[in-house]
Amino acid sequence: MASENPFKSILKTLEKPGGGEFGKYYSLTALNDPRIDKLPYSIRILLESAIRNCDEFQVKSSDVEKIIDWENTSPKQVEIPFKPARVLLQDFTGVPAVVDLACMRDAMNRLGGDSNKINPLVPVDLVIDHSVQVDVAKSVNAVQANMELEFQRNKERFGFLKWGSNAFHNMLVVPPGSGIVHQVNLEYLGRVVFNTGGLLYPDSVVGTDSHTTMIDGLGVAGWGVGGIEAEAAMLGQPMSMVLPGVVGFKLLGKLRDGVTATDLVLTVTQMLRKHGVVGKFVEFYGEGMSELSLADRATIANMSPEYGATMGFFPVDHVTLQYLKLTGRSDDTIATIESYLRANNMFVDYSEPQADRFYSSYLGLNLEDVEPCVSGPKRPHDRVSLREMKADWHACLDNKVGFKGFAVSKESQNKVVEFTYHGTPAQLRHGDIVIAAITSCTNTSNPSVMLGAALVAKKACELGLEVKPWIKTSLAPGSGVVTKYLLKSGLQKYLNQLGFHIVGYGCTTCIGNSGDIDEAVAAAITEKDVVAAAVLSGNRNFEGRVHPLTRANYLASPPLVVAYALAGTVDIDFETEPIGLGKDGKKIFFRDIWPSNEEVANVVQSSVLPDMFRATYEAITKGNPMWNQLSVPSGTLYAWDPKSTYIHEPPYFEHMSMSPPGPHGVKNAYCLLNFGDSITTDHISPAGSIHKDSPAARYLLERGVDRRDFNSYGSRRGNDEVMARGTFANIRIVNKLLQGEVGPKTIHIPSGEKLSVFDAALKYKSEGHDTIILAGAEYGSGSSRDWAAKGPMLLGVKAVIAKSYERIHRSNLVGMGVIPLCFKAGEDADTLGLTGHERYSIDLPNSVNEIRPGQDVTVVTDNGKSFTCTLRYDTEVELAYFDHGGILQYVIRNLINAKH
């Protein structure tokens, strides 16, 4: 078990210049190891965390050595433990996490422990931002109207989260209507350096949202993880991760006039996608750094998931300190941050000569080469420069159906669809815009592009340009600060004049919460098969995400969103074609409404002030009237409502006792599903709408829920009954037992019946049979969805035998007590002649002390086959979870047994 920290000799005091001390800290320089000076800054954060948390059990001194020797170890895929300083949640993923914590409290209580010990050990911040939809737009009353609808739909979920914010220590819940999680993190929650009881250490965060990486722009190491990992991190467990390679990305020069941060991020995304950075950190450096505002850096860091990196990291420098001052952080806090990071060699001072750091690979970009661009029509990394947009659009109409194609026949490319909009004759063509949204965490935290959009609106209004009335325009800022500076600048009125009224403070259109478009427009698109377009300042534009009726979706900077809304189509060459006619009938071009960088900088300088940040965030924890009126129970144990279809007590700890159940083998199990390669977490645990003929729909209808109130799987993640029924419910899933038929069904082997996966699993359980899953390569790739492990466990799956696993999904299976096995290299179900109709036995010792991480295990079938697999428990800590029946059970017993 744990022992004292072997590195206590390097615990030093950080003196204040005028006497007194900032606090104590683990000094990397005191190790006197020349290898540390060559480490990327992002790896130094992992190193400091390993040293500070070293107890020779969860974190060993051999782990510290692996990180120091990063130059040699990183190519070898070695695993290290990491304990982040805090955890960040949003409401879609936060609800099931709080359900689990509430359920753990009940289990502690039943076992005679102190249920108040179930509290996050690190700070947890939960921002409610994923629920607001653009039901009402183009109205001064939109914010209030949309928030009322949001509360009507989500009252039960919100009430539960409000209970959690009172019942758990160390948990801050930021109410709906406050902003987008990543922007609130940047402007308010981000600590940069922690001071906990006099111990100083770098801020680091894992979040249950993939765009958590936005905080990397502030020099805070952060990335997205699955819910099970986040819960474990909250309760003090280390996260197992592969020590990553780091791509060094050098920036030179400065952006040309009229080029925005969004143009830069779309260029960087395309470059990094091409280079290949999956599973790696990207670290930015070079003379160009001084030209990038912190908001610009955060925009680049935000899109890490789109270019595939774990992080896009910007080390702390003078620009970071200026931003901390701007956002109202205190002078004392900033002095502590600078002194600590300088003392520990984690601060970049560009006024001094730079020591060479070693990177796994190198890339570079001269900022002067970036040109205005958009990305689309279906993927974030398909960049199109503005001057090529018209030609690219016509190519997309011609091309066969694909990421860059709609296969529209030549003769129908120019068709004009006539319809009536509120009594007025109107027309639609391919490429006409029906949604124009300034939205998303990526851009709405950046004053230069937000005020740039407002300047475009001002110039357009003064020249007499208008937006067609059937285009659904909206503005959803990521924080209340944006509203304050738009008002201070006097420019919000011009955005309103063009229909870009503020609709709410949340993700909105970027996550598909775009609301309905006008019925007449929808009918014209559907009946006449128009390829309609959406233009949004978001980060994802996959088909079907933004709105079911917009087949073309382009990511663009906020000022470009306004320009395209005015043009009304993506089928335009801004260089040569007018955007529209002004009040005197004169042709108005793009160049007439586009502001210079200097104009934008002047407005930013005079309108964005520290007091705005202070005032906004002082008010944030006070909530709003609707939130404050939510009545919630006061107890520390949750009063579960058996009739609720949103929040339900899961059965994880039903028969739990104080003694660990020990390891278990598998005896005579049936194969529930037999898969090929690349089964993703979207196949295992869908997130979207609930299909009308699915077991989940049947469950809701039986409980009196009307079909129009089904909501999505995402909003019902707090109810295990719905989620278990939604497991393997993807309509595109391919199960080899069905011999070519596609869909969420399987064969119940003993009877030969074809059933939904849920019904088959239920039948096996009622007959007392275990089940296993056979799978191919990359099992569980995609979003880090904890229900992809919780669901199979609830269906009675005891083991998965696959060719290979996605990293997060394997650790989630371990966390939920499902045994992950790997076929030996060159073998799989097909080469071994397994059909999935056999019964499977996996023999494992009854004592955990007789099992080693990664050992060989024999699998035997009832028709005489026998083959060897690798047991994918990769660390001693994971074996401890197996011994206890899962990570949450392990934590509960440990907390009860802890004497102090």
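Residues numbered from 1 in each chain as written. Predicted model: local features only at pLDDT ≥ 70, side-chain atom pairs only at ≥ 80, totals over all residues. Heavy atoms only, no water.

S.K.: Can you walk me through the overall build of the chain in this structure?
M.R.: What the chain contains, in helices and strands, is 31 helices and 34 strands. The C-alpha radius of gyration computed for the chain amounts to 28 Å, which stays within 12% of the reference 29 Å derived for 900 residues, consistent with globular compactness. Principal axes of the C-alpha set define a box for the chain whose edges measure 85 × 75 × 55 Å. Of all 900 residues assigned to the chain, the portion counted as buried reaches 61%. (Helix = DSSP H or I, 4+ residues; strand = E, 2+ residues; numbered from the N terminus. Rg over C-alpha atoms; globule rule 2.2 N^0.38 Å. Buried < 20%, exposed > 50% of the residue type's maximum accessible area, 1.4 Å probe, protein only.)

S.K.: What should I look at first to understand the nonpolar core in this one?
M.R.: Buried together is how nonpolar side chains tend to be arranged in soluble globular proteins. Of all hydrophobic cores here, the largest spans 306 residues; its most connected members are Trp 223, Tyr 564 and Tyr 779. With ten residues, the single largest contributor to this core is helix 5 (residues 91-110). Non-local contacts of Tyr 564, meaning those with residues more than four positions away in its chain, are made with Val 374, Leu 386, Met 389, Ile 433, Val 535, Thr 569, Val 570, Ile 572 and Phe 574. (Core = buried A, V, L, I, M, F, W, Y, C linked by side-chain atoms within 4.5 Å. Contact = heavy atoms within 4.5 Å.)

S.K.: Any chance you could explain the environment of Thr 320 here in plain terms?
M.R.: The topology assignment puts Thr 320 in helix 12 (residues 318-326). On the basis of relative accessible area, Thr 320 is assigned to the buried category, the value being 0%. Distance from Thr 320 to Lys 254, taken between C-alpha atoms, is 18 Å for residues 66 residues apart in sequence. Those residues within four positions of Thr 320 in sequence are excluded, and the remaining contacts are Leu 218, Leu 294, Arg 297 and Pro 315.

S.K.: What's the story with the sheet that holds strand 5 (residues 124-127) in this structure? I'm lost.
M.R.: Strand pairing within a sheet occurs via backbone hydrogen bonds; the two strands may be parallel or antiparallel. Across the sheet, five strands lie side by side as 6-5-4-9-10; this open sheet has parallel pairing. Both outer strands of the open sheet, strand 6 (171-174) and strand 10 (221-224), are each paired with one neighbouring strand and no more. Within the sheet, the average angular offset between the axes of one strand and its neighbour, ignoring direction, is 15 degrees. Where strand 9 (residues 204-207) and strand 10 come together, four bridges link them in parallel fashion. Its bridge partner lying in strand 10, Gly 207 is registered against Gly 224. Together, strand 4 (86-90), strand 5 and strand 9 form the strand contacts of helix 8 (residues 227-234), whose direction differs from that of strand 4 by roughly 140 degrees. (Pairing = 2+ DSSP bridges. Axes fitted to C-alpha atoms, helices over the stretch in contact; angles between N-to-C directions.)

S.K.: What am I meant to see in unusual backbone geometry here?
M.R.: Note: most peptide bonds trans; most residues except glycine with negative phi. The omega torsion across Gly 376 and Pro 377 is 10 degrees, close enough to zero to call that bond cis. Secondary-structure assignment places Pro 377 in the loop between strand 16 (373-375) and strand 17 (383-385). Its identity is not glycine, yet Gln 77 carries a phi of approximately 55 degrees, on the positive side. With respect to the helices, strands and loops of the structure, Gln 77 is situated in the loop between helix 4 (70-73) and strand 3 (79-82). One non-glycine residue with positive phi stands out, namely Ser 678, at about 55 degrees. Residue classification places Ser 678 among the partly exposed positions, given a relative accessible area of 35%.

S.K.: Would you explain the pattern of salt bridges in this entry?
M.R.: Working definition: two side chains of opposite charge can pair if their charged atoms are close together. The tally for this structure, following the rule as stated, stands at 44 salt bridges. With its nearest N and O atoms 3.2 Å apart, the salt bridge here joins Arg 157 to Asp 91. Linking Arg 157 in helix 6 (residues 142-167) with Asp 91 in helix 5, this pair joins segments that are 66 residues apart in sequence. Both residues of the pair, Arg 157 and Asp 91, belong to the buried class. For Asp 382, the salt bridge is made with Arg 379, and the minimal N-O distance between the two is 3.0 Å. On the basis of relative accessible area, Asp 382 is assigned to the buried category, the value being 11%. Look at Arg 379 and you get partly exposed, because its relative accessible area is 22%. (Salt bridge = Lys/Arg side-chain N within 4 Å of Asp/Glu carboxyl O.)

S.K.: What is the right way to read empty space enclosed by the protein from this model?
M.R.: Here the idea is plain: a probe the size of a water molecule rolls over the atoms and shows the empty space left. Under the criterion given, the structure shown has four cavities of 30 Å³ or more. Estimated volume of the largest cavity: approximately 80 Å³. Lining the largest cavity are Tyr 41, Ile 45, Val 192, Pro 202, Asp 203, Gly 219, Phe 313, Pro 315, Val 316, Leu 341 and Met 346. In terms of residue class, the lining of the largest cavity is built from nine nonpolar, one polar and one charged. Here the second largest cavity is characterised by a volume of approximately 40 Å³. Lining the second largest cavity are Val 132, Val 143, Asn 146, Met 147, Glu 150, Gly 177, Val 503, Gly 504 and Tyr 505. Broken down by class, the residue content of the lining of the second largest cavity amounts to five nonpolar, three polar and one charged. (1 Å grid on protein atoms, 1.4 Å probe; cavity = no way out; pocket = protein on both sides within 12 Å on 5 of 7 lines; lining within 4 Å. Points joined across faces, edges and corners; volume = space filled by probe spheres on them. Nonpolar A, V, L, I, M, F, W, Y, C, P; charged D, E, K, R; others polar.)

S.K.: Help me understand helix 10 (residues 294-302), please; the structure alone is not making it clear to me.
M.R.: Three or four residues apart is the spacing at which side chains of an α-helix point the same way, because the helix has 3.6 residues per turn. Taken across its nine residues, helix 10 has nine buried, putting it largely inside the fold. Looking at helix 10, one finds that the buried residues are Leu 294, Ala 295, Asp 296, Arg 297, Ala 298, Thr 299, Ile 300, Ala 301 and Asn 302.

S.K.: What am I meant to see in the environment of Asp 369 here?
M.R.: Looking at the secondary structure, you find Asp 369 in the loop between strand 15 (361-366) and strand 16. The exposure class of Asp 369 is exposed, given its relative accessible area of 58%. Expressed as a C-alpha distance, the spacing of Asp 369 and Leu 264, which sit 105 residues apart in the sequence, is 9.5 Å.

S.K.: Explain helix 16 (residues 480-488) here, please?
M.R.: For helix 16, the complete set of buried residues consists of Gly 480, Val 481, Val 482, Thr 483, Tyr 485 and Leu 486. On its buried face, helix 16 is in contact with helix 7 (181-189), helix 15 (447-463), strand 21 (472-475), helix 17 (492-497), helix 21 (597-607) and helix 22 (610-620). Looking one or two residues beyond helix 16, the residue adopting positive phi is Gly 490, at roughly 75 degrees.

S.K.: What's the story with the packing of helix 15 against helix 19 (residues 558-567) in this structure? I'm lost.
M.R.: A pair of packed helices is captured by two measures, namely the crossing angle of their axes and the spacing between those axes. The geometry of helix 15 relative to helix 19 is characterised by a closest axis approach of 7 Å and an angle of 30 degrees between their N-to-C directions. Classified by the angle between their axes, helix 15 and helix 19 sit roughly parallel to one another. Contact residues: helix 15 offers Val 449, Met 450, Gly 452, Ala 453, Val 456, Ala 457 and Ala 460, while helix 19 offers Pro 558, Pro 559, Val 562, Ala 563 and Leu 566. (Parallel < 35°, antiparallel > 145°, perpendicular 65-115°, else oblique.)

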